[in-house]
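# Analysis of the macromolecular model
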Amino acid sequence: MDFLSDFLLRFVSQLQSPTLGFLIGGIVVASLGSRLSIPDPVYKFIVFMLLMKVGLTGGQGIRSSNLAEILLPAMFAVIMGILIVFIGRYTLCNLPKVKTEDGIATAGLFGAVSGSTLAAALTLLETQKITYEPWAAALYPFMDIPALVTAIVLASIYTKKQRDISNEYPSKQSSNADTKVKIWPIIQESLQGSALSALLLGLALGLITRPESVYESFYSPLFRGLLSVLMLIMGMEAAARLKELRQVAQWYAVYAFIAPLLHGFIAFGFGMIAHYLTNFSYGGVVILAVIAASSSDISGPPTLRAGIPSANPSAYIGASTAIGTPVAIALGIPLYIGLAQALMGGG
Amino acid sequence: MDFLSDFLLRFVSQLQSPTLGFLIGGIVVASLGSRLSIPDPVYKFIVFMLLMKVGLTGGQGIRSSNLAEILLPAMFAVIMGILIVFIGRYTLCNLPKVKTEDGIATAGLFGAVSGSTLAAALTLLETQKITYEPWAAALYPFMDIPALVTAIVLASIYTKKQRDISNEYPSKQSSNADTKVKIWPIIQESLQGSALSALLLGLALGLITRPESVYESFYSPLFRGLLSVLMLIMGMEAAARLKELRQVAQWYAVYAFIAPLLHGFIAFGFGMIAHYLTNFSYGGVVILAVIAASSSDISGPPTLRAGIPSANPSAYIGASTAIGTPVAIALGIPLYIGLAQALMGGG
Amino acid sequence: MDFLSDFLLRFVSQLQSPTLGFLIGGIVVASLGSRLSIPDPVYKFIVFMLLMKVGLTGGQGIRSSNLAEILLPAMFAVIMGILIVFIGRYTLCNLPKVKTEDGIATAGLFGAVSGSTLAAALTLLETQKITYEPWAAALYPFMDIPALVTAIVLASIYTKKQRDISNEYPSKQSSNADTKVKIWPIIQESLQGSALSALLLGLALGLITRPESVYESFYSPLFRGLLSVLMLIMGMEAAARLKELRQVAQWYAVYAFIAPLLHGFIAFGFGMIAHYLTNFSYGGVVILAVIAASSSDISGPPTLRAGIPSANPSAYIGASTAIGTPVAIALGIPLYIGLAQALMGGG
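Computed from a predicted model, the values in this text were never measured in an experiment.

Quick notes on the rules
Residues numbered from 1 in each chain as written. Chains lettered and ligands numbered in written order. Predicted model: local features only at pLDDT ≥ 70, side-chain atom pairs only at ≥ 80, totals over all residues. Heavy atoms only, no water. Least-squares fit on C-alpha atoms with pLDDT ≥ 70 in both. Contact = heavy atoms within 4.5 Å. Buried area = accessible area lost by both parts, 1.4 Å probe. Salt bridge = Lys/Arg side-chain N within 4 Å of Asp/Glu carboxyl O. Polar contact = N/O pair within 3.5 Å; in protein donor to acceptor, adjacent residues only side chain to side chain. Helix = DSSP H or I, 4+ residues; strand = E, 2+ residues; numbered from the N terminus. Nonpolar A, V, L, I, M, F, W, Y, C, P; charged D, E, K, R; others polar. Phe/Tyr/Trp six-rings, centres within 6.5 Å; stacked < 30°, edge-to-face > 60°. Buried < 20%, exposed > 50% of the residue type's maximum accessible area, 1.4 Å probe, protein only. Lys NZ or Arg CZ within 6 Å of the ring centre and 35° of its normal.

## Quick look at the relation of the copies chain B and chain C
Two chain copies here: they are related by a rotation about an axis and a translation along the same axis. When chain B is fitted to chain C, the residual RMSD is 0.0 Å, and the transformation amounts to a turn of 120° plus an axial shift of 0.0 Å. Seen this way, the second copy is the image of the first under a three-fold rotation axis. The residues that chain B uses at the interface reappear at the interface of chain C in only 8% of cases, marking distinct surfaces.

## Observations concerning the interface of chain B and chain C
The partner chain C presents 24 residues to the 24 residues of chain B that form the contact. Buried area between chain B and chain C, both sides added, is near 2,100 Å², and the carbon and sulfur share of it is 70%. Considering only the side of chain B, the residues that lose the most area to chain C are Gln 16, Phe 22 and Arg 35 of chain B, jointly responsible for 29% of the buried surface there. Summed over the shared surface of chain B and chain C, the number is 1 salt bridge. Salt-bridge contacts for Arg 35 of chain B lead to Glu 189 of chain C; the nearest nitrogen and oxygen are separated by 3.5 Å. On inspection of chain B and its partner chain C, the count reaches 5 residue pairs in polar contact (both at pLDDT 80 or more). Where the side of chain B that touches chain C is concerned, the elements lending two or more residues are helix 2 (18-31), helix 3 (40-62) and helix 11 (212-246) of chain B. If one sorts the elements of the side of chain B that touches chain C by residue count, helix 11 of chain B sits on top with 8 residues. Partitioning the side of chain B that touches chain C into residue classes produces 15 nonpolar, 7 polar and 2 charged.

## A few points about the relation of the copies chain A and chain B
You can overlay chain A on chain B at an RMSD of 0.0 Å; the transform is a turn of 120° with a shift of 0.0 Å along its axis. Here only 8% of the interface residues in chain A have copies in chain B that are interface residues too; the copies meet through unlike faces.

## So, the packing of aromatic side chains
Across all of its chains, the model carries 27 aromatic pairs over all chains by this definition. Between Tyr 219 of chain A and Phe 22 of chain C, the ring centres sit 6.0 Å apart and the planes meet at 5°, which makes this aromatic pair stacked. Highlighted residues: Tyr 219 of chain A in helix 11 (residues 212-246) and Phe 22 of chain C in helix 2 (residues 18-31), drawn from two different chains. Using a relative accessible area of 1% as the deciding quantity, one classes Tyr 219 of chain A as buried. Residue Phe 22 of chain C is classed as buried on the basis of its relative accessible area, which comes to 0%. With a centroid separation of 5.0 Å and 85° between ring planes, the pair formed by Phe 218 of chain C and Tyr 219 of chain C is classed as edge-to-face. You'll find Phe 218 of chain C and Tyr 219 of chain C in the same group, each marked buried. One aromatic cluster in this structure is built from Phe 22 of chain A together with Phe 218 and Tyr 219 of chain B. Sitting over the ring of Tyr 90 of chain A, Arg 89 of chain A keeps its end group 5.4 Å from the ring centre. When the ring centre of Phe 223 of chain C is taken as origin, the NZ or CZ atom of Lys 53 of chain C, which lies over that ring, is 4.3 Å away.

## Let's talk about the side chain of Ser 294 of chain A
Relative to the elements of secondary structure, Ser 294 of chain A occurs in the loop between helix 13 (282-293) and helix 14 (300-307). Every residue in contact with Ser 294 of chain A, bar those within four places of it in the chain, is listed here: Phe 110, Ala 112, Val 113, Ser 114, Thr 117 and Ala 328 of chain A.

## Focus: the pattern of salt bridges
Residue and element names in this part refer to chain B. Here the structure, examined in full by the defined rule, presents 21 salt bridges over all chains. Lys 160 serves as the salt-bridge partner of Asp 164, at 3.5 Å between the closest nitrogen and oxygen. Residue Asp 164 and its partner Lys 160 are both found in helix 7 (residues 140-166); the two are separated by 4 residues, about one turn of the helix. On the accessibility criterion, Asp 164 (36% relative accessible area) is partly exposed. For Lys 160, a relative accessible area of 25% gives the class partly exposed. Notably, a salt bridge pairs Arg 241 with Glu 237, separated by 3.3 Å at the nearest N-O pair. Of this pair, Arg 241 and Glu 237 are both found in helix 11, 4 residues apart, which corresponds to roughly one turn of the helix.

## Points about the interface of chain A and chain B
Much of the literature gives interface size as the accessible area that the parts lose upon coming together. In this complex, chain A contributes 24 residues to the contact, which on the side of chain B involves 24 residues. In total, about 2,100 Å² of surface goes out of reach between chain A and chain B, with carbon and sulfur atoms giving 70% of it. Summed over the three residues of chain A that lose the most area to chain B, namely Gln 16, Phe 22 and Arg 35 of chain A, the buried surface amounts to 29% of that side. In this assembly, chain A and chain B are joined by 1 salt bridge.

Here you go:
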């Protein structure tokens, strides 16, 4: 009882944080038909600033870290990335009116990671004074890339099977071309995406150069404020995408609501294993859960569009942006933080 | 004598403030043909930042305010909004070469409120250490919306009369459609405009969430700097619009110069009534005067374009941007502040 | 020996500064094919912010300066601007496969000044705690304008000669129109460019108004951070332009590598003369060297495109952006600072 009431209290108190307030404000304002908008170039720059800051923090932190510690959490991140896609493949894809390619692409996007959701989690962890490993943000690519690769590979296998069934004598040319999915180009495509590039560049600069002067005068103090603007944009975007989502099967909405919370809880479990085995911090466990709960909004969609051209972007982007991301941020983050705090108090 | 010299001294000293300096700098630079420009997305973002900050300040302040106090100033704001349009309707519209619809639209724009002018006034009040009610910025919509509604209603009545005169047997269809002007859609249109949306969202977030962390690290410290950039843009825009203004009747220029100062003084009078009756602060009186003196530059024009389609935008936007706004900021604000200071000293 | 080892040590330590780190990071990231990009409106705004800050600093500093001191350095700046173009005219233009107009335009761009390179130098000087005259940044136009004017004049003379040779009986009309190059329009064109306008506006505002409140809350604290973003952009731009540069004669690359360093050393020499004659500070000597080493990236190209329409922009912009600027920033600045420090230590 004590555990539950403690957890609920902490959960509710976080809803007043500006991070969540701006997200919900954005949803409300856009739903009321406001013409308020943040110009796209500003949006892109804000995302760059946030991921560069997350990267710089990580890079500076890694300098004094024991890198062996990252092994187990990174392995769990890879497993989660693959597992999420398989879960989607065998649940969402089997639901009525869901096209298999669309379902796989959606699962891929939910396996991939959102830099904005990660930034929101880091801010809320700091507000709650929960420490985490400086390299925890570096888990991002370990989950993001495997998820996208798995989705594209599964979609290619499915497409090939379909073709073989419909055509008993496939022309040599097309069958040859499609026989194997090339994995390296998908990885490269992911790494070259703007979000991962910014994060990795920040990591490298934090590790190699001495960025303290710009970090402390610029990237760090502006972080929370820029995040509040980004949350507003994401809220407005969620409201705008909801209409799109209504045009595809309703099961996407159900999946998009349940999946982030489920993925987060599974990852939280993996994180707790790492906590007991290698003393992975509670803050790190929350971060692992949050990146599993998050679904990609910036770099994922173009990679999937190129990798699974037959899938309908309205289905997967709508599900992720309109429901998945708000659920991951406004429900998931407070949930995992509350859970961690309750466990910390109890332990 | 003492009163006048004191007033003049204070007036002149304010011309060195960066807020006015950047405005005048923008006018000079653009007049000299410079290619310097601030990109439009940056301009829109700056406006958002300023109005969000004004809203957040207001929202946080309202929490500990006695809301009954706002009643009288808000009522005066509504009266001013309507009064300004009627003044324009019976002066500007009767001048030679001024088309009635153009005149009404211009009066509507001068009755509507400019967020940038309001932001400039708040900054100068703080520089001069004059306190004001935290909810004073919330007077904005109480003047803005009535002015736009009145202008559109007056224009519709005029257009309908013209049609009835020119056509003694109006077809049933058209007369039915135009019989009544729908007021609610105009109010909705105003509230959905980007400026008012940002201000009201800020108010709501300031009231409901705990935005202190982002307010103090982001919105508040960047306010003055962003305002200086906005003033520069408005100065450059004023110089650019001056050419447009030359193509319409010169009376627009005369109106655009006199009207802001006149409106401000009338509102200052109303504010002083509230000062004596309900102890409305001198800072609040200045704010009431400034929003009356200001003319809308962001949200007003699209509403008027939709509501009075027959009016010529060059006339009303030119008059407001090229003359009205610079006069309100560079003459109006120092004037009302100087007057308040002289009265404070004298009282 | 001591002098050399001291110099080398200081040189290497500067490569870890974030200013150079972001520049090199940008080159690496873009070379790896990343899709990371900073939107153009943000880039333009950053340049405005930096030059406004440089101008405001200068303007505030000039107030308490003895302006007679600026005479000799300003004269040297003018000489350098003209000299650089003549050096290019009689070296680069005579190399195989280099079209004379292209060579002159390239020399003009290398004589003109880059605001970003200047901003980088000011930051590194401050990091190294080397003082400089507050008006030193105001040397910018004294080198920039003479270089562009000289290049356009030389190109016009060359074009005219070519036409006279190919056509012994020139039609009166065309020869009349081209007889004299009008110098005033070139100067005006330069002054109206966005970079010089921002710098001069900042100087004027710093001199006339009291910008301390916005300077200390906005322009100054954001300077280093914005510069880091600009360096990143310039690095990415350099990598992108390298391809373009490969399509023109290789001699451009050789010139673009050697010229900045050579120009900087000549200007350093002039600066040392001013140091001994009028006590020009070591920091000022470095600034004079850096603006000589820099090549224009914002305002130069459009002026040259208008002034020497027959020249190929790929040649001059490629040489400047892909090689000239990175060399000036990553090699030139640390070199001149290291040299100044070694001389300061020795003196």
